[in-house]
Every structure is written in structure tokens, then in C-alpha cells.
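Given next are the chains, with one letter for each unit.
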Amino acid sequence: MHEGVDTIFGYPGGAIMPTFDALYDYDKKVNHILTRHEQGATHAAQGYARVSGKVGVCLVTSGPAATNAITGIADAMLDSTPMVVITGQVGAALLGTDAFQEIDVVGISQPITKWAYQIRRAEDIAWAVARAFYIARSGRPGPVVLDITKNAQFQEIDFIYEPCTFIRSYIPTPEINPSQIELAAEIINSAKKPFALVGQGVVLSNAEAELKEFLEKADIPAAWTLLGASAMDTDFSLNKGFLGMHGNVGPNIMTNQCDVLIAIGMRFDDRVTGDLNHYAKQAKIVHLDIDSAELNKNVKADAPVHGSAKDTLPAISALLKPAKHTDWIAEFKQHDDREFEKVIDREVYPTSGEITMGEVIYKISEATGNKAVVVTDVGQHQMMATRYSKFSQTRSLITSGGLGTMGFGIPAAMGAKMGAPERTVIMFSGDGGFQMTIQELGTIMQEQIGVKMIILNNHFLGMVRQWQEMFFEERYSFTKMQNPDFVAIAKAYKIDGQNVSERSELDAAIADMLKDDKPYLLVVDVEMKGMVYPMMPAGAAVDNILLGE
């Protein structure tokens, strides 16, 4: 209550039962969502946090419940998602005895959290909880684990809660170094061909307006990472598209042609950079990041700027000279035209053959007025949804980036809908990932969570199959899937749905799905051997792009 928590995702059990019993008296103030698996609880908390900007909260028991939560904790760490996971633990007197469902939660989770702490006395609960929320949400956000022994949950004390605003030696938002700002501005002012790379740090720091002002003042074209999607509106004139392995041709090629590369709240992930030995060697690098560990980690910066984008962007903007880079920006068009001709036209606007993933995603985006929250699972559909959805407001793409967790989609969509109930939430999944957390249909049924779920069904583990086709001589080793009747399963959970296999049925099916705010499952049979292009092969240079020609 003191931290403004209104929603908790969890699953009760023996070692956390005293806390759940206490929660019984707060059912009118805190909405507890009973998921069907602890991994589902963590992904739901991630979806809630990513769309709302609040801290996601999970509550689970000890032993296997805690280990089931580990995947979501690791996912949140890699994607900088603020989350507090509270696990039950055996009584303090039993610690170290291999008691029933005892596991070293702190030892397991410490490498994949910002902080992991075991509470053994009731006197420490208020202090630890306040500290946990402060750490989770401040600076570069991330997950925190609190492991509470059963005896601490039973003990009674006078509860005094003081929010945490300071921890010695922990400086979440550093002071801006003026010399770094001045150097960055000097480099950008001298640029003839500047190019900005926009990461999730812009979204996490609520710096979307500051980003737009920065780009417009110096007329800088910009592209975005997977997690930076929706930091800029799709139709913003300086938005040049998606970076990385399956990104747009122009941004990838122009990375190796610009003279100044400005990275904002992104970490130069290998899926963006490709071969670092051939990455932007011609350019001066300006790198803005709140986490000093990311500066000069993968790419050496000529001007490393340590701080929140919310602060550093306007500081640099104040020193920028208004500029126009008309000819440089026009160079992107030739690559856009080539990509449309070789890839997009065939994928989004087919006139014959099997239904494609791209056309389904594009049609749904258009049908929602490009205003939906798009949640994805992991695989081919994830890249297609990122490429062909359009975004008109921030915090509109929720996906598993760093860990690439199959099974993320359904529970993350539940959490996103709980975090933004007024928005349409669209979840795209493949037939493989959907079955990894299919039990969460039970949560959707019980809570009547109005998510719109789309399975792009190709009867394969599609992304693995694509790699097998391209790099393993079409040896499709254990990637073909025999699937159940997904619509029948959904109906067993009292969720309406339909299966579409003909292009002529698609528009009407989308309209049926979107006619109200109830949960719905749309299964679309898409081409079995569809490919996601463009593609930068793993380990290749960023401008070595395959178009499937």
C-alpha cells in the first residue's frame, strides 16, 4: 500500500501462506491475480511494469515456485524491467537443513537481480521492502528478490514504513558531467551525416519529448532497437525504422556510412551491431547511458555521456546549432525503396498464395488505428510484429528482448492489459511459444482479461526452421510441430475464437475479434516455410544484409 501497489501476480503455497492470509484482508485494495504458473506471474508482472511504468510485483512460495520464477527474473534483468519478487522460505531455524521445499533463493537469483535479500526477522520487513522498491525502480530499472522466512511472516511487530530515497554508495541517477555534454555537442555540431540509435532508455526515463526536440533541432535521422520501439511515433519524419538482424535495410547500411553515431539509452547488443570489427568504424561515437557499465563495453565512445536521457538529451540540445541534413536524410530512401520492392510488398500485400505473417500483423495494426499495445512471444512472428506494426504512442511494444523467452506472450499480455485496461492489447504468438504458457488461459478466463491473442500458425518452430534452412542444409531436426485444435482449447476456457485459413476470411475475422473488450483467440494458418527478411547473418557485418532474392 505504501508503494502504491494495486496489482500483484502470484501463486500461494506453504512457505508464503501467512502472507497470503494477511492479503485476504486487503482484497478490496490490492488486486491479486492468481496465475497458473509462477513463470506466468513473473511475465505478467513484466507486462504490467513495461506498459504502466510502475513496479511489477510477484508473490510466490519457496522451492519449485521460486525456481519457476527464475526465468522471468532473468528476463526482467536483461530487459531492465522494474519488478519485486517476494518468495516464501522455510523457517529460519530450518535454514541449511535441506528442509521440505528449501532452496537457496538468494544464491540462485543474485547474479540476475539488482538486489537479492533474505529476511529472517519481522523487524526487517519494512526496511527491506522499501529498499527493494527503491532499487527496482531507480536508475537503470531491474528485478529485486526478497526471500522471507516463514517465522518472519508469523511474527507480530509495530509496523512502521518509511519509503527509501537514499542508499549509501548507490547512485542511481548520476550528476551530469558538463565536459561530457560539451564534447558530445561539439561532435554532433560538426557532423555532416549524423545518425541516432534510440534504445529503451528513452522510454524508461520518459524522455520521448526530449528525444524529439533533440532530433528536430539538429535534423538527425534516427532508428530504434527492438526495445526502443514506440519511443518515436512510426510516422515521425526523422524515424527511419528498426535496427538489427531483422531490421530495416536503410538504418543498418547507414550505420556504416554516417560520420557521427549517437547511441541513446541502448547497449550495442550483438543483434544490433553484428561483427564489431566492422561496425561504424568510420564514425565518431557519442553514447548516452545511465549505466556506466555500458559505456565503452562493446563499442568505444569518443564522447561517453553518463546520465539519464531525461537529463542529458536537453543538456546537449541546448548546445546544438540548428542544422539541416536534407541530402543525407534523402539517402535513406533508396534503401527503403529497395526493401519495399524485394521484401515488404511481397510480405504485406500478397495477392496470391498462402497467408503471410506480415499481412496479418499489418491488417490488425490498421484495424486498431495503430494505437494498440502489441505484445509478442519470441520467434519469427516477434520480428514480423516489430517490423509491420505501427506505433502512435509510447510503451506500445512489449516483448522479450535480451533473453528471448518463448512463453512470454500470453502472461505478458495479461499483465499489460491489467496495467493499461483502457488500451487494446494485441498478443502475437507462434504455435510453439503459445503452448509453453497455454495454462494461463485459465487466468484469462477467471479474471476476464480482455486480451486479443493471435497465433500465427505455421506448424513449425519457425525461427529455428529458418536457420536450419539457411545454414544447416534444410535439415529440419525436430522443428515440425503437430498442433492441437487451439480454438477448441480456448473454448474449453470459455474464450471465444476462430481459425482462419483463407485470405478472404481474414478481414471479417479481425473485425469479430475487435468488436468488444472480451478475451479472444484468432488462429491464422500462415505459410509453412515463410522467412523473415531482411536478415543480417549472425556474426556478419551490419551492412551485410540478405533480402531473400
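Fair warning: this is a prediction, and the values are worked out from it, not measured in the lab.

### What about the overall build of the protein chain?
Of the regular secondary structure elements, the protein chain holds 22 helices and 18 strands. For a compact globule of 549 residues, the expected C-alpha radius of gyration is about 24 Å, and the protein chain comes in at 24 Å, within 12% of that figure. Its C-alpha atoms put the protein chain at 70 × 60 × 45 Å along the principal axes. Out of the 549 residues in the protein chain, the part that is buried amounts to 58%. Long-range contacts, defined here as pairs at least 24 residues apart, represent 76% of the contacts in the protein chain between residues at least 6 apart. With the model as given, the accessible surface of the protein chain reaches about 22500 Å², and the carbon-plus-sulfur share is 51%.

### A short note on the domain arrangement of the protein chain
Considered domain by domain, the protein chain is made up of domain 1 (7-154), domain 2 (178-332) and domain 3 (354-525). Listed by partner, the interface residues are 25 residues for domain 1 and 28 residues for domain 3. Summed over both sides, the interface between domain 1 and domain 3 buries roughly 2000 Å², with carbon and sulfur atoms accounting for 63% of that surface. On the surface where domain 1 and domain 3 come into contact, there are 0 salt bridges. Elements with a contribution of two residues or more to the side of domain 1 that touches domain 3: β2 (31-34), α2 (38-52) and α4 (70-78). Here the side of domain 1 that touches domain 3 gets 11 residues from one element, more than from any other, and that element is α2.

### A word on the pattern of salt bridges
Going through the model one piece at a time under the given rule, you end up with 20 salt bridges. K363 is paired through a salt bridge with D507; the nearest N and O atoms lie 3.0 Å apart. Residue K363 is found in helix α15 (residues 357-367), and its partner D507 is found in helix α22 (residues 506-514); the two are separated by 144 residues along the sequence. Here K363 falls in the partly exposed class, since its relative accessible area comes to 26%. Taken together, the salt bridges that share partners define one network made up of R140, D291, E294 and K297.

### Quick look at α15
Most of α15 sits out of view: 8 of its 11 residues are buried. All of the buried residues in α15 are M357, G358, E359, V360, I361, Y362, I364 and S365. Following α15 by one or two positions, G369 has its phi on the positive side, about 65°.

### Some remarks on the sheet that holds strand β1 (residues 7-11)
Taken together, 6 strands build an open sheet; the order of strands is β2-β1-β3-β4-β6-β5 and the sheet is parallel. Two strands lie at the open edges of the sheet, namely β2 and β5 (115-119), each paired on one side alone. Strand-to-strand twist of the sheet, defined as the mean angle between neighbouring strand axes without regard to direction, takes the value 20°. As paired strands, strand β3 (residues 56-60) and strand β4 (residues 83-89) are joined by 5 bridges and run parallel to one another.

### Description of unusual backbone geometry
Cis geometry is found at the peptide bond from Y533 to P534, where omega equals -5°. Looking at where P534 falls in the secondary structure, it is placed in the segment after β18 (520-525). With a phi close to 55°, D219 is a non-glycine residue in the positive phi region. Turning to its location among the elements, D219 is positioned in the loop between α10 (208-218) and β8 (222-224).

How each quantity is defined
Sequence positions are assigned chain by chain, starting from 1 and proceeding in written order. Two thresholds apply to this predicted model, a pLDDT of at least 70 for residue-level local features and 80 or more for giving and counting side-chain atom pairs, whereas whole-chain, interface and lining totals are computed over all residues. To get the side-chain values, take all heavy atoms of the structure and skip hydrogens and water. Going along the chain from the N terminus, every DSSP run of H or I of four or more residues is numbered as a helix, and every run of E of two or more is numbered as a strand. Computation of the radius of gyration draws on C-alpha atoms, with the globule rule given as 2.2 Å multiplied by the number of residues to the power 0.38. Here the term buried applies to any residue with accessible area under 20% of the maximum for its type, exposed to any over 50%, and partly exposed to those in between, with areas from a 1.4 Å probe on protein chains only. The contact rule is simple, with two residues in contact once any of their heavy atoms fall within 4.5 Å. Under the convention used here, a 1.4 Å probe and the Shrake-Rupley method define accessible areas, while residue burial counts only the protein chains that appear. In this document the domain limits rely on a domain assignment from an automatic tool or a database. For any pair of parts, buried area is found by adding up, for both, the accessible area (1.4 Å probe) each one loses once the two are put together. We count a salt bridge whenever a side-chain nitrogen from Lys or Arg sits within 4 Å of a carboxyl oxygen from Asp or Glu. For two strands to be treated as a pair, DSSP must find at least two bridges joining them. For helices, the fitted axis covers only the stretch in contact; all axes are lines through C-alpha atoms, and the angles between them, taken along N-to-C directions, range from 0 to 180 degrees.

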